[in-house]
Amino acid sequence: MALDLKTQLSALSIDELKELAGTTAVDTAACTSKEDFVEVLAKNGVVPRPPSLERLLSVMKLKDLRDLAGRHGVDVSKLRKKRDIAEALVTNSRAQSIYDEVRPELEAVATAPLVTPNLPPMADADADILLYASKNVEVDLGRSEDLLDQARMRFEERNFERSIGAADEAAGLIRANADALQRSAWAYAILSCQRLIEDCGKAGREVDDAAALLLEAKQAFRTNTLGSRLDLLARLQEVSRNLYSQEMQRSRAEIYRVQEMIGNATNMGANVVLPDELLNRARDALRRNDPLLALQLSGEADRLSVDTLRARVKEIEDAIPLTAAMITEARNVGADVGEADRWLEKAKVAAAGREHVLAGELVKRAERSAMQSQHHQIEKAMELRRRQVEKAQAVIDAVEPLIEEAEDFDIDVMEASTLLRQARDVLSKGDYVNGTVYARNAAEVARRLEPKLVEERSKRGILKPEKGVCGSCGSTRLTFADDGTGKCVDCGREFRWRVPTSLWERFVTALRD
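Conventions we followed
- Residues numbered from 1 in each chain as written.
- Predicted model: local features only at pLDDT ≥ 70, side-chain atom pairs only at ≥ 80, totals over all residues.
- Heavy atoms only, no water.
- Axes fitted to C-alpha atoms, helices over the stretch in contact; angles between N-to-C directions.
- Helix = DSSP H or I, 4+ residues; strand = E, 2+ residues; numbered from the N terminus.
- Parallel < 35°, antiparallel > 145°, perpendicular 65-115°, else oblique.
- Left-handed = near helix turned anticlockwise from the far one by under 90°.
- Contact = heavy atoms within 4.5 Å.
- Nonpolar A, V, L, I, M, F, W, Y, C, P; charged D, E, K, R; others polar.
- Expected span 1.5 Å × (residues − 1).
- Buried < 20%, exposed > 50% of the residue type's maximum accessible area, 1.4 Å probe, protein only.
- Pairing = 2+ DSSP bridges.
- pLDDT = per-residue confidence, 0-100.
- Salt bridge = Lys/Arg side-chain N within 4 Å of Asp/Glu carboxyl O.
- Disulfide = S-S within 2.5 Å.
- Phe/Tyr/Trp six-rings, centres within 6.5 Å; stacked < 30°, edge-to-face > 60°.
- Lys NZ or Arg CZ within 6 Å of the ring centre and 35° of its normal.

## Structural notes on the packing of helix α14 (residues 291-332) against helix α15 (residues 338-352)
What describes two packed helices is the angle between their axes and the distance between those same axes.
Step number 1: At their nearest, the axes of α14 and α15 sit 11 Å apart, and the two run at 165 degrees to each other. When the interaxial angle is binned, α14 and α15 end up roughly antiparallel. Like other packed secondary-structure pairs, α14 and α15 cross with a definite hand, here left-handed. Side by side, α14 and α15 meet where Ile 320, Thr 323, Ala 324, Ile 327 and Arg 331 of the first sit next to Ala 340, Asp 341, Leu 344, Ala 347, Lys 348 and Ala 351 of the second.
Step number 2: Tallied by class, residues from the contact of α14 with α15 come to seven nonpolar, one polar and three charged.

This is how it looks when you write it as structure tokens:
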């Protein structure tokens, strides 16, 4: 039973395991890896929740999905992709009856760990030995040329008898070399087809027919009958190329889809450095004719883009109550916050309608309006003013090292530096409203420098730490961000793991150069 429970838990992602642990009283604070979560939850007898309809449908074949839709009267005739059909079934009013039907049959499959697809047999031991021997054969054409030169010279010398002997020996050697060259070419063709079929099979393609054709070609090669069955080799090459072409098209389509998702996340202001980097690696893999790796990398980029998008949506949604609290504070000191209230209400409506880009902009307007109202009540709200000044100064302090580091790497920081200087100047005059606006503008511009910083750090061998110890509480549960900051999960202490190069280090580097 414990083994079965561990198997079920291992099928879940680490995010799903954390969510499951959050619904129980099990202490998972010391768990850092997926294996730790599985061990602790299994030990405490925590059973995974029944799989969702989406998870059940994801393991069904396209034909079975269409049959399921037909049984429940869902029109999917215009849908071609498995994902679209599954979404239509999930959002249909009969989703509960669909769930009740598929759960008994597919629950075990959906909760089982993912396994590598089983490939059909493609090995022929005797033929494989001959194929690799023919592939690696070295043909000496120089001896044939030497014999022909001797035949030519003997002929010019009117030594016809020796010319005949040299010519006959050259002809025999050429015939032997031609046969070896032909078998070498066939070996490369057959082995290349085998690699294509294996890669497509690992990616989940149906390759049984292609594998049978491959074995037939290997047998013909082994029995020296391939020369009279060149149509067999042509069919094998055509099938292999078609499989490969379909896999390349699928990988390319997946990359385009993920690229569109990352673009949407970028439009919402999400940090897409990591998913964009993974997608670039997927493109490189596709250019290297490795569609399997391209699919894996684009899938990981898809997952990260979804996570960053969710984080950005949560950030926008969390900004609404924070702005509401700011408006309440302004109202408490007698400020006129009518306009800010109107912007905030519009932001709430936009967030409820899942128009998060608009909601984010409206929240910013509400926040600015509230800050302007506070400015008129600065005499009556000195404590509020102090907190806002500290907040703006914190933004400046957080952005300044990032800009200095970028400047050390010879990255163009003119816009960010100008905004930061304006933020300092305005803040020093006591105008915390515009100071905060300039500081945040500087922060937004500086955030766009992060991808270049990450790239430059990588070139210089500067890697983001993966672990460390908190200097305050001694905890090892630390998080590290691309902007050079870090935070302790346990005590909340913030620190910088990456600081700009000192003047002395710059001087030493200049001397070395």
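Still to come is the rest of the account.
## Structural notes on helix α11 (residues 208-222)
Step number 1: The terminal C-alpha atoms of α11, which comprises 15 residues, lie 21 Å apart, in line with the 21 Å expected from a rise of 1.5 Å per residue.
Step number 2: Buried within α11 are the following residues: Ala 210, Ala 211, Leu 213, Leu 214, Ala 217, Lys 218, Ala 220 and Phe 221.
Step number 3: Phi turns positive, to about 60 degrees, at Asn 224, one or two residues after α11.

## Notes on the sheet that holds strand β2 (residues 485-488)
Step number 1: Judged by pairing direction, the sheet is antiparallel, and its three strands sit side by side in the order β1-β2-β3 without closing on themselves. The sheet terminates laterally at β1 (478-480) and β3 (494-496), the two strands that pair on one side only. Taken over all neighbouring pairs, the strand axes of this sheet differ in orientation by 25 degrees on average, direction set aside.
Step number 2: Where β2 and β3 come together, three bridges link them in antiparallel fashion. Among the inter-strand pairings, Lys 487 is bridged to a residue of β3, identified as Glu 494.

## Topic: unusual backbone geometry
Step number 1: Within the chain, Asn 224 stands out as a residue other than glycine whose phi angle is a positive 60 degrees.
Step number 2: Positive phi values are uncommon outside glycine, yet Asn 289 reaches one of about 60 degrees.
Step number 3: By the element assignment, Asn 289 lies in the loop between α13 (273-287) and α14.

## Some remarks on the confidence of the model for the chain
Step number 1: On average, residues of the chain score 77 in pLDDT, and 84% of them reach the 70 mark or higher.
Step number 2: Low confidence marks residues 109-115, where pLDDT is under 50. Its contacts with residues over four positions away, or in another chain, come to twelve contacts.
Step number 3: The low-confidence segment residues 502-513, where pLDDT is below 50, has two contacts with residues more than four positions distant or belonging to other chains.

## Looking at the pattern of salt bridges
Step number 1: A complete count under the given rule lists 19 salt bridges for this structure.
Step number 2: Among the salt bridges present, the one from Glu 300 reaches Arg 303, with a minimum N-O distance of 2.6 Å. One end of the pair is Glu 300 and the other is Arg 303, both in helix α14 and three residues apart, which spans about a single turn.
Step number 3: A residue is classified by how much of its surface remains accessible, and Glu 300, at 32% relative accessible area, is partly exposed.
Step number 4: Measuring nitrogen to oxygen at the nearest pair gives 3.6 Å for the salt bridge that ties Glu 361 to Arg 365.

## Thoughts on the state of the cysteines
Step number 1: Scanning the entire structure with this criterion turns up zero disulfides.
Step number 2: Just so you know, Cys 488 is unpaired, no disulfide at all, and the nearest cysteine sulfur is the one on Cys 491, 3.5 Å from it.
Step number 3: Under the relative-accessibility criterion, Cys 488 is labelled buried at 0%.
Step number 4: We classify Cys 491 as partly exposed; its relative accessible area is 39%.

## A short note on the packing of helix α12 (residues 230-267) against α13
Step number 1: One can describe the packing of α12 onto α13 by two numbers: an axis separation of 11 Å at closest approach and a directional angle of 160 degrees. By the angle between their directions, the pair α12 and α13 is classed as roughly antiparallel. Relative to α13, the crossing made by α12 is left-handed. Here Met 248, Ser 251, Arg 252, Ile 255, Val 258, Gln 259 and Ile 262 of α12 lie close against α13, whose contacting residues are Pro 275, Asp 276, Leu 279, Ala 282, Arg 283 and Leu 286.
Step number 2: Grouping the amino acids of the contact of α12 with α13 by side-chain chemistry returns eight nonpolar, two polar and three charged.

## Some points on the packing of aromatic side chains
Step number 1: Under the definition given, this model contains zero aromatic pairs.
Step number 2: Across the ring face of Phe 221, the terminal group of Arg 183 is positioned such that the distance to the ring centre comes to 4.0 Å.

## Focus: the side chain of Asp 124
Step number 1: Inspection of the secondary structure puts Asp 124 in the loop between α7 (95-111) and α8 (125-135).
Step number 2: Excluding residues within four positions of it along the chain, Asp 124 makes contact with Leu 215, Lys 218, Gln 219 and Arg 222.

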